[in-house]
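Structural description and commentary
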Amino acid sequence: MANEVNNFQEIISHCKEYGYVFQSSELYDGLSAVYDYGQMGAQLKKNLRDDWWKSMTQLHENIVGIDAAIFMHPTVWKASGHVDNFSDPMIDNKDSNKRYRVDHLIEAFAETIEKSAGDALIQEMEQLLAKDDFNGLKTLIENNKIKCSISKTSNWTEVRQFNLMFSTQIGSVAEEADTIYLRPETAQGIFVNFLNVQKTGRMKIPFGIAQTGKAFRNEIVARQFIFRMREFEQMEMQFFVRPGTQMEWYNYWKDTRKKWHESIGIPTEKLRYHDHVKLAHYADAALDIEFEFPFGWKELEGIHSRTDFDLSQHAKYSKKKIQYFDNDLNEEGKPFGNYTPFVVETSVGLDRLFLTVISLAYQEEKWTKEDGTEDSRVVMKIPAKLAPTKLAILPLLKKDGLPEIATELMKECKQHFHCFYEEKDAIGKRYRRMDAIGTPFCVTIDHQTKEDNTVTIRYRDTMTQERIPMSEVIRLVEKACNV
RNA sequence: GCGGAAGUAGCUCAUUUGGUAGAGCGAUAGCCUUCCAAGCUAUAGGUGGCCGGUUCGAGCCCGGUCUUCCGCUCCA
């Protein structure tokens, strides 16, 4: 099986051709950086999500799952810092491609001119900023002939507000300024439910809350297929720990999460850690688990030690006490008592994980047949436990009672896992179609089946086949899919 | 967001200087077939990304727009 190719463009085409990923609203020319999952993709994505969910909740007694709403009280985003930190008007210089915050640009200029004129300028700027008068700000910059410090030109774009968060209005009347944001991260839904879950679930620290769900970011540049989308799905878990033990848990999750990625078939050499040098305002340690995508090493999952920043902020903004009473005894034999727990977060992008699996699975194979002619196939070597369809049931011929036997087997197998039945076209063609969508097993019903109830099972990855009793099919497939 | 390039059937492409679109593969239906994209027959599928302009006439020229790709920039 030589000449394996792994080209990103081909992967994208293949995803479309076989019903994995479509561009959103393609009928209307598409919507930039938004994608839909097709009939195959939706199932693969669900299988990934289910495996993660199981690994977090079912396999950890001290982690529970929730499903928080996308809409949240607007104050949540003030407390989290999202409103204040990421909504400043910006302007670009077209010659240097340098982007400036408008207020910084004007303030810097004001310091270079006479003080009274500078003060007047800043006062004018603040009035315009308060009114969100972007045209006025542009005019102000032009009238003062403010130049870019790099290109020394005044060739500016329009002033724009780069707001990370999408917003809409709640209620039937928009006038109340009840602006609601689509969450830019799922984490806050966990933090605001910390007390609910801890009390009703009688959770003892350390414990975790897991959640999967959509998040929305109005990215300025969103490219590279489903790697960076405006609407995407996160799978994350916030682990609440006693202050001072966060590094211990940070290291535990760093290790545990990488092992999980390996458990779904990602080779170790394609994964690496990347420690953050510059930390976000809430973190005391952070790293990415990176995967070597076809376009380079990129973040797949983030592990952040978020300290008590989030819970403290929500306590402050809600004016409610968000603490935990720890009855465990410390070295002096006294309870640890009340404290605000620290948080270690694991946050993986489900769409990125999907892309990871797809780009590892996609392979073009070429070989020389026994008669000397060339042959080839495109195969998706998706691990059996993740594959959207587990088994194809194929009568060798469309007559002699073979379809009847195959249909009976189909009826039985579909109770256990996703199957696909096909009697059209030559057997080789059907095998290739199953290769293309990543079905790991095909069983073929032939004339011998009528004699002794055996079938041939054909393995996707090796293209080899063997004869097994028909009664063994379900057990064999289930075993392979639950590894 | 800035600069550059591209857009014709599901896919890959053709259509000599403007004269209202074709092929291969694929798909669907049938025939034939005893295990890796075989063969035969038939059918479906395009207002040439979209809008406008020039022209007697535009897939082809011009403008705008949308989407994609490449480079730069950004990514809490």
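Residues numbered from 1 in each chain as written. Chains lettered and ligands numbered in written order. Predicted model: local features only at pLDDT ≥ 70, side-chain atom pairs only at ≥ 80, totals over all residues. Heavy atoms only, no water.

**So, the overall build of chain A**
Note the threshold: Helix and strand assignments follow DSSP, with helices taken as H or I runs no shorter than four residues and strands as E runs no shorter than two, numbered in order from the N terminus. Throughout this description, buried means an accessible area under 20% of the type-specific maximum (1.4 Å probe, protein chains only), exposed means over 50%, and partly exposed covers the range between. Accessibility throughout is a Shrake-Rupley quantity obtained with a 1.4 Å probe, and a residue counts as covered only by protein chains that appear here. For the purpose of counting charges, residues Lys and Arg are taken to be positive, whereas Asp and Glu are taken to be negative. His and the chain ends are not included. Note on charges: their place is set at NZ of Lys, CZ of Arg, CG of Asp or CD of Glu.
If you tally the helices and strands in chain A, you get 16 helices and 24 strands. For chain A, the spread of C-alpha atoms along the principal axes amounts to about 100 × 65 × 50 Å. Taken over 483 residues, chain A has a buried fraction of 47%. For chain A, the exposed surface amounts to about 24,400 Å²; the carbon and sulfur share of it is 49%. If you average the places of the 63 positive and of the 73 negative side-chain charges in chain A, the two averages end up 1 Å apart.

**A short note on the pattern of salt bridges**
Applied cut-off: Whenever Lys or Arg places a side-chain nitrogen within 4 Å of a carboxyl oxygen from Asp or Glu, that contact is recorded as a salt bridge.
Within this structure, the stated rule accounts for 29 salt bridges. The shortest N-O distance in the salt bridge between K45 and E233 comes to 3.1 Å. You can see K45 sitting in helix 2 (residues 39-58) and its partner E233 sitting in strand 11 (residues 231-241), a full 188 residues away along the chain. There is no split in this pair, since K45 and E233 are both buried. Ionic pairing is found between D435 and R377, a salt bridge with its closest N-O pair at 3.0 Å. Within this pair, whereas D435 is found in helix 14 (residues 427-437), its partner R377 is found in strand 19 (residues 374-380), the two being separated by 58 residues in sequence.

**Details of the sheet that holds strand 21 (residues 419-421)**
In plain terms, the rule: A strand pair is defined by DSSP finding two or more bridges across the two strands. Only the stretch in contact is used when fitting a helix axis, every axis being a line fitted to C-alpha atoms; angles between N-to-C directions are given from 0 to 180 degrees. Contacts are assigned to residue pairs that have any heavy atoms within 4.5 Å of one another.
Overall, mixed pairing links the five strands, which are arranged 21-20-22-23-24 in an open sheet. Among the strands making up the open sheet, the edge pair consists of strand 21 and strand 24 (465-469). Adjacent strand axes in the sheet meet at a mean angle of 25° when their direction is disregarded. Inspection of the sheet shows strand 20 (residues 391-395) paired to strand 22 (residues 441-445) by five bridges, in the parallel sense. Bridging from a neighbouring strand, P395 pairs with I445 of strand 22. Sheet strands in contact with helix 14 are strand 20, strand 21, strand 22, strand 23 (454-459) and strand 24, and its direction is about 170° off that of strand 20. Contacts from helix 16 (residues 473-481) reach strand 20, strand 22, strand 23 and strand 24, with the element oriented near 170° to strand 22.

**Section: the side chain of E364**
Test applied: Under the rule applied, a polar contact is a pair of N or O atoms within 3.5 Å (in protein, one hydrogen donor and one hydrogen acceptor; residues adjacent in sequence only if both atoms are side-chain atoms).
Tracing the backbone shows E364 in strand 18 (residues 362-368). Buried and unpaired, E364 has K366 as its nearest opposite-charge partner, separated by 4.9 Å. A polar contact of 2.7 Å, which involves the side chain of E364, links it to the side chain of Y362.

**Some remarks on helix 14**
An α-helix turns once per 3.6 residues; consequently, residues spaced three or four apart project the same way. Those residues of helix 14 not exposed but buried are R430, Y431, M434, D435, A436 and I437. G438 lies just past helix 14 and shows a positive phi near 90°.

**Points about the domain arrangement of chain A**
The criterion, for reference: Residue ranges for the domains originate in an automatic or database domain assignment.
Here the domain parsing of chain A yields domain 1 (2-78 + 181-358), domain 2 (88-161) and domain 3 (389-481). One C-alpha centre belongs to domain 1, the other to domain 2; they are set 38 Å apart.

**Focus: the packing of aromatic side chains**
Basically, it comes down to this: Aromatic pairing here means that ring centres of Phe, Tyr or Trp (its six-membered ring) are within 6.5 Å. Orientation follows from the plane angle: under 30 degrees is stacked, over 60 is edge-to-face, and everything else is tilted. Charges are assigned to positions over rings by a cutoff of 6 Å between ring centre and Lys NZ or Arg CZ, combined with an angular limit of 35 degrees from the ring normal.
Scanning all chains against the criterion turns up 20 aromatic pairs. Considering the side-chain rings of Y35 and F225, the 5.2 Å spacing of their centres and the 75° angle between planes classify their relative orientation as edge-to-face. Here Y35, found in strand 3 (residues 35-37), pairs with F225, found in the loop between strand 10 (207-216) and strand 11; they are 190 residues apart in sequence, far enough to count as distant. In this structure an aromatic cluster arises from ring pairing among F8, Y35, F225, F227, F291, F293 and F295. Positioned over the ring face of F336 is R242, at 3.6 Å from the centre of the ring.

**Regarding the side chain of E185**
Relative to the helices and strands, E185 is located in the loop between strand 9 (179-181) and helix 8 (187-191). A residue is classified by how much of its surface remains accessible, and E185, at 9% relative accessible area, is buried. Reaching out from E185, the side chain makes a polar contact with the side chain of Q188 at a distance of 2.8 Å. With residues up to four places along the chain from it excluded, the contact list for E185 reads W77, H82, A215, R217, Q234 and R306.

**Thoughts on the nonpolar core**
Rules: Think of a nonpolar core as a cluster: buried Ala, Val, Leu, Ile, Met, Phe, Trp, Tyr and Cys residues, connected wherever their side-chain atoms sit within 4.5 Å.
Formed by 58 residues in total, the largest nonpolar core has its most connected members in Y20, L44, L48, F354 and I382. No other element matches the seven residues that helix 12 (residues 350-361) contributes to this core. Taken together, domain 1 (2-78 + 181-358) and domain 3 (389-481) each give at least three residues to this core, which thus spans both. Residue contacts for I382: discarding those within four places in its chain leaves Y20, L44, V357, A361, A387, P388, I437, G438 and R460. Counting residues in hydrophobic clusters, the runner-up holds 22 residues, among them L391, C413, I468 and V477.

**Structural notes on the sheet that holds strand 14 (residues 296-307)**
Taken together, seven strands build an open sheet; the order of strands is 4-10-11-17-14-13-12 and the sheet is mixed. Looking at strand neighbours, the two that pair on one side only are strand 4 (63-65) and strand 12 (271-275), the edges of this open sheet. Sheet twist, expressed as the mean angle between neighbouring strand axes with direction ignored, is 25°. Pairing of strand 10 with strand 11, which is carried by 10 bridges, proceeds in the antiparallel orientation. The residue bridging G208 from the neighbouring strand is F239, located in strand 11. Packed onto the sheet, helix 2 meets strand 4, strand 10, strand 11 and strand 17 (342-349) and runs at close to 160° relative to strand 10.

**Re the confidence of the model for chain A**
Where the model shows low pLDDT, its predicted coordinates should not be examined in detail. Quick reminder of the rule: For every residue, the pLDDT score states the predictor's confidence, bounded by 0 at the bottom and 100 at the top.
Put simply, chain A has an average pLDDT of 87, and 93% of its residues get 70 or more. Contacts for the low-pLDDT stretch residues 1-6, under 50 throughout, to residues beyond four places or in other chains number 18 contacts.

**Describing unusual backbone geometry**
Note on backbone geometry: most residues besides glycine have negative phi, and most peptide bonds are trans. Following I205, the chain continues to P206 via a peptide bond in cis, the omega torsion being 5°. Structurally, P206 is set in the loop between helix 9 (194-200) and strand 10. We note that N453 has phi near 60°; this positive angle belongs to a residue other than glycine. Within the secondary structure, N453 sits in the loop between helix 15 (447-452) and strand 23.

**Some words on the environment of I190**
Position of I190 relative to the elements: it lies in helix 8. Among the residues examined, I190 registers a relative accessible area of 0% and is labelled buried. Along the chain, I190 and T179 lie 11 residues apart, while their C-alpha atoms are 21 Å from each other. If sequence neighbours within four positions are ignored, I190 has contacts with I66, I209, A210, Q211, E236, Q238 and F240.

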